[in-house]
Amino acid sequence: QCMNGHAAPVYALDVPSGLDSDTGEPCGVAVHARWTAMFASAKHAILSDGGAACCGRVEVIDIGIKRDLVAAAGEKEHSPACALSSTEVAELLPRRALQDHKNRFGHLLVIAGSRGMTGAAVLCAQSALKAGAGLVTVAVPQSLLHLVAPCIPACMTLPVPDNNAGRFTEPCFGAVAASLDRFTAIAVGPGMGTHDDTVQFLAKLAAMA
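Residues numbered from 1 in each chain as written. Predicted model: local features only at pLDDT ≥ 70, side-chain atom pairs only at ≥ 80, totals over all residues. Heavy atoms only, no water.

## Focus on the sheet that holds strand β7 (residues 185-188)
Consider a sheet: its strands pair through backbone hydrogen bonds, and that pairing is either parallel or antiparallel. Across the sheet, four strands lie side by side as β6-β5-β4-β7; this open sheet has parallel pairing. A strand with exactly one partner marks an edge of an open sheet, and here the two such strands are β6 (156-160) and β7. Each adjacent strand pair in this sheet contributes to an overall mean axis angle of 20°, direction not counted. Pairing geometry for strand β5 (residues 135-141) and β6, over five bridges, is parallel. Along β6, the bridge assignment pairs P141 with V160. Packing against the sheet, helix α4 (residues 118-131) makes contact with β4 (107-111), β5 and β7, and its axis sits at approximately 170° to β5. (Pairing = 2+ DSSP bridges. Helix = DSSP H or I, 4+ residues; strand = E, 2+ residues; numbered from the N terminus. Axes fitted to C-alpha atoms, helices over the stretch in contact; angles between N-to-C directions. Contact = heavy atoms within 4.5 Å.)

## Comments concerning the packing of aromatic side chains
Counted according to the given criterion, the structure contains two aromatic pairs. With centroids separated by 6.4 Å and ring planes inclined at 70°, the aromatic side chains of F173 and F201 adopt a geometry described as edge-to-face. In this pair, F173 sits in helix α6 (residues 173-177) while F201 sits in helix α7 (residues 196-207), placing the two residues 28 residues apart along the sequence. The ring of F105 has R96 sitting right over it, with the charged end atom 3.6 Å from the ring centre. (Phe/Tyr/Trp six-rings, centres within 6.5 Å; stacked < 30°, edge-to-face > 60°. Lys NZ or Arg CZ within 6 Å of the ring centre and 35° of its normal.)

## Quick notes on the pairing of β5
Along β5, seven of the seven residues are buried, which leaves the element largely enclosed by surrounding structure. Alternating residues of β5 divide into L135, T137, A139 and P141 and V136, V138 and V140, and every residue in both groups is buried. Sheet topology places β4 next to β5; five bridges connect them, and they run parallel. Paired with V110 across the two strands is V138, which belongs to β5. Regarding topology, α4 serves as the crossover connection from β4 to the parallel β5, and that connection is right-handed. (Buried < 20%, exposed > 50% of the residue type's maximum accessible area, 1.4 Å probe, protein only. Right-handed = clockwise from strand over helix to strand, strands pointing away.)

The quantities given are spatial measurements derived from coordinates; they are silent on function.
Given below as structure tokens:
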């Protein structure tokens, strides 16, 4: 309690004192660290809201324990969860050659957004690029194009006529359906809302699957 009430920044080694490393529950009172250096592997505590709040920013420090031994220990405990560091995730992703072309990595169509929720379309498109899509096209109601396009300069856009409704309506379906053959994958839904017109649009789109 004294440490938590002090103005000085607190740093923890492996697990903040008083925190159960498996459940993330405090054993009475637990230290709230600004930064925790965990040894060998991330502890389950960071997967719970309370545990994450106590750990603050987490860095996993290599102290010479081989990864296969850490994994074997987890299997013996029949752990229901696991956590990967950004480095471990990066190792799982296929590496691309310098001469690779964007057309080799798929063309995603994002159908998203409505008036007041254009940010969802932007975030979905940006995430697709981060995840490795070679090309991303965002289908958005025509009246909202001026809000979406400037936020995603690395993406193409497919404005669909919406009669200034600010949402996907059933008449929008023809414009979208005519372009579907160009794409290798489709992401549908972020920020589209639940208006009856939009539901009808989605029903017609789903019927083509």
